[in-house]
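Coordinates in review
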Amino acid sequence: TMMTPSFPVIDLSANSSEKELVERITEACSEYGFFQVTSHGIDNDLIKAYKEQCERYFALPHETKLQWKRNERNARGYFDDELTKQRRDWKEALDFGVPGSRKWTNADEDPSNLCLDGWNQLPPANVLPNFRS
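Counted under the stated rule, the structure contains 5 aromatic pairs. Each ring, one from Phe7 and one from Phe34, has its centre 6.0 Å from the other, and the planes form 40°; the classification is tilted. Of this pair, Phe7 sits in the segment before strand E1 (9–11) while Phe34 is found in the loop between helix H1 (18–31) and strand E2 (36–38), placing the two residues 27 residues apart along the sequence. With relative accessibility at 30%, the residue Phe7 sits in the partly exposed group.

Dropping the structure here:
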């Protein structure tokens, strides 16, 4: 028998109104802090390629990833020093978002890419050739 997940699953194929969808996402985030989205229409090959690039990124040496560490001027980038209840988490993360220019081909540090929370700090092609694609 298939087990029912013990966390929220939001099925985008359900004929929910935008208001209902927002309510379900709000509830999931408030009560659990996360949710799973199904029937999203994202190609499985793209998901697989994304996961492979994430694995390659996090397999890089720690010193290499520190080149892209977020800081007081830029909330985007690598970090491994998150605290929960004043204790350091056992995780690494890469925080990035849509560039201010909306053009992923511009260099991260291009002034047009600056957003309220900073700019992306992603590895260059000579470090991870397919990371941006």
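Core analysis: the largest hydrophobic core is formed by 8 residues, namely Tyr57, Leu60, Trp68, Tyr78, Leu94, Leu122, Leu128 and Phe131. Setting aside chain neighbours within four positions, we find Tyr57 in contact with Lys65, Trp68, Tyr78, Leu94, Pro123, Leu128 and Phe131.

A surface patch of nonpolar side chains, about 410 Å² in accessible area, is lined by Tyr50, Phe96, Val98 and Trp104. Looking at the secondary structure, you find Tyr50 in helix H2 (residues 44–59).

Attention now goes to H1. Taking 1.5 Å per residue, 14 residues should reach 20 Å; H1 reaches 20 Å between its end C-alpha atoms and fits that length. The first or second residue beyond H1 is Gly33, which carries a positive phi of 90°.

Calculation rules
Residues numbered from 1 in each chain as written. Predicted model: local features only at pLDDT ≥ 70, side-chain atom pairs only at ≥ 80, totals over all residues. Heavy atoms only, no water. Phe/Tyr/Trp six-rings, centres within 6.5 Å; stacked < 30°, edge-to-face > 60°. Helix = DSSP H or I, 4+ residues; strand = E, 2+ residues; numbered from the N terminus. Buried < 20%, exposed > 50% of the residue type's maximum accessible area, 1.4 Å probe, protein only. Core = buried A, V, L, I, M, F, W, Y, C linked by side-chain atoms within 4.5 Å. Contact = heavy atoms within 4.5 Å. Patch = residues over 30% accessible without salt bridge, like charges linked within 9 Å, V, L, I, M, F, W, Y side chains within 5 Å. Areas by Shrake-Rupley, 256 points an atom, 1.4 Å probe, with all protein chains shown as cover. Salt bridge = Lys/Arg side-chain N within 4 Å of Asp/Glu carboxyl O. Expected span 1.5 Å × (residues − 1).

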